[in-house]
Amino acid sequence: MCGIVAYIGHREAYPIIVKGLKRLEYRGYDSAGVALLTPDKALNIYKKSGKVSDLEAETADKDVHANTGMGHTRWATHGAPNDKNAHPHLSQNGEFAIIHNGIIENYSTLKQALIKRGHEFKSDTDTEVLIHLIEEVFKNNSVSFEEAVRMALTQVVGAYAIVILSKSDPTYLIGARKGSPMVVGIGENEHFIASDATPIVEYTRNVIYLNDGELVIIDNNKLTVKTIDNTIKSPYIQELEINLESIEKGGFDHFMMKEIYEQPRSILDSFRGRTHVNDATIAMAGIDKFEDKLKNIKRLLIVGCGTSWHAGLVGEYLFEDFARIPTEVEYASEFRYRNPVIDENDFVIAISQSGETADTLAALELAKSKGATIFGVCNVVGSSIPRITDAGAYTHAGPEIGVASTKAFTAQVTALILMSLSVAQKRGTISKERLRELLIELETIPSKVEEALKLNDMIKEIAAEFKDSRNALYLGRGYGFPIALEGALKLKEISYIHAEGYPAAEMKHGPIALIDEEMPVVVIATQHSNYEKVISNIQEVRARKGRVIAISTIGDEHIKDHADYVIPIPQCEEAMLPLIASIPLQLLSYHIAVMRECNVDQPRNLAKSVTVE
Ligand code: G6P
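Small disclaimer: the values here were computed from a predicted structure and weren't measured. (Residues numbered from 1 in each chain as written. Predicted model: local features only at pLDDT ≥ 70, side-chain atom pairs only at ≥ 80, totals over all residues. Heavy atoms only, no water.)

(A) Seen up close, the site of the ligand. Ser308, Ser352, Gln353, Ser354 and Thr357 are the nearest of the 13 residues found near the ligand. Between the ligand and serine 308, the relevant distance is 2.5 Å, taken from an oxygen atom to a side-chain nitrogen or oxygen of the residue. In this structure, valine 403 approaches the ligand through a main-chain N or O atom, which is 3.3 Å from an oxygen atom. In isolation the ligand exposes 380 Å². Once the protein is present, 90% of that is buried. Counting atoms within 2 Å of the grid points, the majority share of the ligand lands in the second largest pocket. With three residues, the top contributor of residues to the shell around the ligand is helix α10 (residues 306-323). Across the shell around the ligand, the residue classes tally to four nonpolar, eight polar and one charged. (Near = heavy atom within 4 Å. Polar contact = N/O pair within 3.5 Å; in protein donor to acceptor, adjacent residues only side chain to side chain. Areas by Shrake-Rupley, 256 points an atom, 1.4 Å probe, with all protein chains shown as cover. 1 Å grid on protein atoms, 1.4 Å probe; cavity = no way out; pocket = protein on both sides within 12 Å on 5 of 7 lines; lining within 4 Å. Sits in = over half its atoms within 2 Å of the grid points. Helix = DSSP H or I, 4+ residues; strand = E, 2+ residues; numbered from the N terminus. Nonpolar A, V, L, I, M, F, W, Y, C, P; charged D, E, K, R; others polar.)

(B) Representation of the sheet that holds strand β20 (residues 347-352) in the model. Read from one edge to the other, the open sheet built from five strands follows the order β19-β18-β20-β21-β22, with strand pairing classed as parallel. Only two strands of the sheet have a single partner each, and these edge strands are β19 (327-331) and β22 (391-394). Averaged over all pairs of adjacent strands, the angle between strand axes in this sheet comes to 20 degrees, irrespective of strand direction. Here strand β21 (residues 373-378) runs beside β22; their pairing, made up of four bridges, is parallel. Within the sheet, the bridge partner assigned to valine 377 lies in β22 and is alanine 393. With respect to the sheet, helix α12 (residues 358-369) is in contact with β18 (300-304), β20 and β21, its orientation differing from that of β20 by roughly 165 degrees. Packing of helix α14 (residues 407-427) onto the sheet brings it into contact with β20, β21 and β22, and relative to β21 it is tilted by some 140 degrees. (Pairing = 2+ DSSP bridges. Axes fitted to C-alpha atoms, helices over the stretch in contact; angles between N-to-C directions. Contact = heavy atoms within 4.5 Å.)

(C) Quick look at the side chain of asparagine 101. Mapped onto the elements of the fold, asparagine 101 is located in strand β6 (residues 96-104). Accessibility expressed as a relative area gives 0% for asparagine 101, which makes it buried. Residues within four places of asparagine 101 in sequence aside, it is in contact with Met1, Cys2, Ile4, Arg27, Ala159, Tyr160, Ala161, Ser180, Pro181, Ser195 and Thr611. (Buried < 20%, exposed > 50% of the residue type's maximum accessible area, 1.4 Å probe, protein only.)

(D) Expanded view of the layout of surface pockets. Roughly 700 Å³ of volume is contained in the largest pocket. If you trace the largest pocket, you find 37 residues lining it, with Ile242, Asn379, Val380, Val381 and Pro399 closest to the centre. When residues of the lining of the largest pocket are traced back to their parent elements, those giving at least two are β11 (206-209), β15 (238-239) and α7 (263-271). Its residues placed into classes, the lining of the largest pocket shows 15 nonpolar, 13 polar and nine charged. Here the lining of the largest pocket spans two domains, and each of domain 1 (3-240) and domain 2 (247-452) adds at least three residues to it. Approximately 540 Å³ is the volume attributed to the second largest pocket. Looking at the lining of the second largest pocket, the elements that each hand over two or more residues are α10, β20, α12 and α17 (480-495). Here the element with the most residues in the lining of the second largest pocket is α10; it accounts for three residues. (Points joined across faces, edges and corners; volume = space filled by probe spheres on them. Domains from an automatic or database assignment.)

(E) Representation of empty space enclosed by the protein within the structure. Here the structure, examined in full by the defined rule, presents five cavities of 30 Å³ or more. Taken as a whole, the largest cavity encloses approximately 90 Å³ of empty space. Taken together, 13 residues line the largest cavity, and the ones lying closest to its centre are Arg477, Ile524, Thr526, His528 and Val534. Across the lining of the largest cavity, the residue classes tally to six nonpolar, five polar and two charged.

(F) How the structure looks around the sheet that holds strand β13 (residues 222-227). Across the sheet, which stays open at both edges, the seven strands sit in the order β5-β6-β7-β8-β12-β13-β14 with antiparallel pairing between neighbours. Both edges of this open sheet fall to β5 (89-90) and β14 (232-233), since each of them pairs with a single strand only. Here six bridges tie strand β12 (residues 214-219) to β13, and the two strands are oriented antiparallel to one another. Within β13, the position partnered with isoleucine 218 by the bridge is leucine 223.

(G) Structural detail: the pairing of strand β25 (residues 520-524). Among the five residues of β25, five are classified as buried, and the element is accordingly described as predominantly covered. Covered by surrounding structure in β25 are Pro520, Val522 and Ile524 together with Val521 and Val523, the residues of both alternating faces. Sheet analysis places strand β23 (residues 471-476) next to β25, joined by three bridges and oriented parallel. Across the sheet, the residue bridging to leucine 475 is valine 523, located in β25. Pairing between β25 and strand β26 (residues 547-553): five bridges, direction parallel. Counted as the bridge partner of valine 521 is valine 548 from β26.

(H) Up close: the pattern of salt bridges. Counted by the stated rule, this structure contains 36 salt bridges. Here glutamate 135 ties to lysine 139 by a salt bridge, and the two come within 2.9 Å at their closest N and O atoms. On the criterion of helical spacing, the pair formed by glutamate 135 and lysine 139 is a turn pair, its members being four residues apart in helix α4 (residues 126-141). Glutamate 135 sits in the buried class, given a relative accessible area of 1%. The residue glutamate 573 makes a salt bridge to arginine 434 at a minimum N-O spacing of 2.9 Å. Placement of the pair is glutamate 573 in the loop between β27 (565-569) and α19 (577-595) and arginine 434 in helix α15 (residues 432-453), with a sequence separation of 139 residues. Each of the salt bridges in this network shares a partner with another, and the network as a whole consists of Lys258, Glu262, Arg265, Asp269, Arg272 and Lys407. (Salt bridge = Lys/Arg side-chain N within 4 Å of Asp/Glu carboxyl O.)

(I) View of the pairing of strand β10 (residues 190-194). Buried residues dominate β10, accounting for five of its five residues. Across the two faces of β10 the burial is the same, with Glu190, Phe192 and Ala194 and His191 and Ile193 all buried. Remark: two residues form the turn of the hairpin made by strand β9 (residues 183-187) and β10, two consecutive strands paired antiparallel; asparagine 189 in that turn has positive phi of roughly 55 degrees.

(J) How the structure looks around unusual backbone geometry. Backbone torsion omega between histidine 87 and proline 88 reads 0 degrees, so that peptide bond is classified as cis. Along the chain, the position of proline 88 falls in the loop between β4 (68-74) and β5. Despite not being glycine, asparagine 189 has its phi angle at roughly 55 degrees, a positive value. Mapped onto the secondary structure, asparagine 189 falls in the loop between β9 and β10. A positive phi angle, close to 60 degrees, is found at glutamate 597, a residue other than glycine. Looking at the element boundaries, glutamate 597 is found in the segment after α19.

(K) Spatial organisation of the packing of helix α3 (residues 107-116) against α4. For the pair α3 and α4, interaxial distance at closest approach is 9 Å and the crossing angle is 50 degrees. By the angle class used here, α3 and α4 are oblique. The chirality of how α3 crosses α4 is left-handed. Judged by residue contacts, Tyr107, Leu110, Lys111 and Leu114 of α3 engage Asp126, Val129, His132, Leu133 and Glu136 from α4. Among the residues making up the contact of α3 with α4, the classes are represented as five nonpolar, one polar and three charged. (Parallel < 35°, antiparallel > 145°, perpendicular 65-115°, else oblique. Left-handed = near helix turned anticlockwise from the far one by under 90°.)

The structure is reproduced here in structure tokens:
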């Protein structure tokens, strides 16, 4: 939520910042702004509501020369998305400028106190309060700029990743984080700070992931990391794994389409090196360490939000099917505030593409505080969730830029398949033969996904039929149910068509009232355990003149008698169905959104990484 990028060094800062902001736009795109500080101490601030491209248009005739600067792309929390609320914000005296990702929860109390002491605010944001507070601490305590930032942060409740500069020193930059991510890039006589590594990767591969409660100070090209309670830290410099191609569109019109087409590779990367068909074993080093505890596990909880929650639902079916562990899936935002019953015998798995979702992180911290063993299934390496978990599995899908999650979902499901099988093996709830069969099947999935992608033209034609629909229903049973939920979410988030996913049999308890000849009903109707029952549900839809789009199994001739449109996908093990059946649903929503001229990669009001609760 909100993207930040800063540069200090010998190059022109503005092009680096703007390019970086474009890469971070997935985090929010209500407004954008930059602060540029020249060597002769001129501080130029430009900001504009709208996208980074609107900011570029705004600055087209402005002086943007500077070697120090910072920029922000916003997802509004406090204050409407307009020019005045766009970041950067200035202190009262104009000496300090700040960009911020997160929420200062006690901003209202701080603001009232500052107003009483004569401060005037130009925006409605919590961020402006923080920079005024820093100015006050600086003046009242006769301390250094760095010390003022540190002291002010001790008064702040909430989450933040901030960068602050001081007009009187263009060789100086401070960053700090608590609850929101921050990466520091170390180049040759230059430094970068950003919300993730994508703005940095083309300049340097050496980075530091700042820990919660740490500040980074760059002073005359010298970098120091210290904690908010003033302990100097020796930072761990890591080499970045991502490459430039993975964060560019590579010939596709949209990141979403590129990411849909990457799935044969991303699924393979999720299980590559972890499966050994010959001796029917799975290697998941982190989890293996918990073998004894897993053998006696009584209950498993899975937490997540959005698409990750849908992957969690698939996980519930997997862990119950294979490992015979009672499993509950929870919306992280509900779980964390519900006083859940949880103790040291419980295992909690958090699923998160970004590894930064505030609610998921908080749910996990709560479980940890109650003694549970916590695992993570995350995509972004080095993000907050993997850093606090006891063990887990990276999904290795590579950077996902499109706001609507596609390849991250199938990679999460792949990781959960492996995890559930690995736990089943430890608990002795699966035979070696069956495990081998499943591992052999998993190896076929990338080519089956490849086959499913060949349906693109056919799906585009179906999309043309339904592009003007106002509602849509997605139905499935068993593993088909989470697929239906995810399909509906994809359609509503990028095309703004109201869509609902439902267990097919539940339809008759409500949604059936919505069905008429206008209503497209997408049904997961593959030849698996509930096939006959799903066909009955299709009949119920057809009897009310609903138009059925069936996701079927290749070779099923019978289904043609029941559905208006048939999308045949390759036969697979039922547990792996989400990996294949999701593909046509992703394509369907993509084409409908493009035909409706929606912004596919950056749908309105959404952000990819939700770092506020
Ligand atoms: C946002 C994104 C979704 C994502 C959800 C959870 O709403 O738009 O695509 O599923 O957050 O994000 P996470 O990074 O935790 O998977």
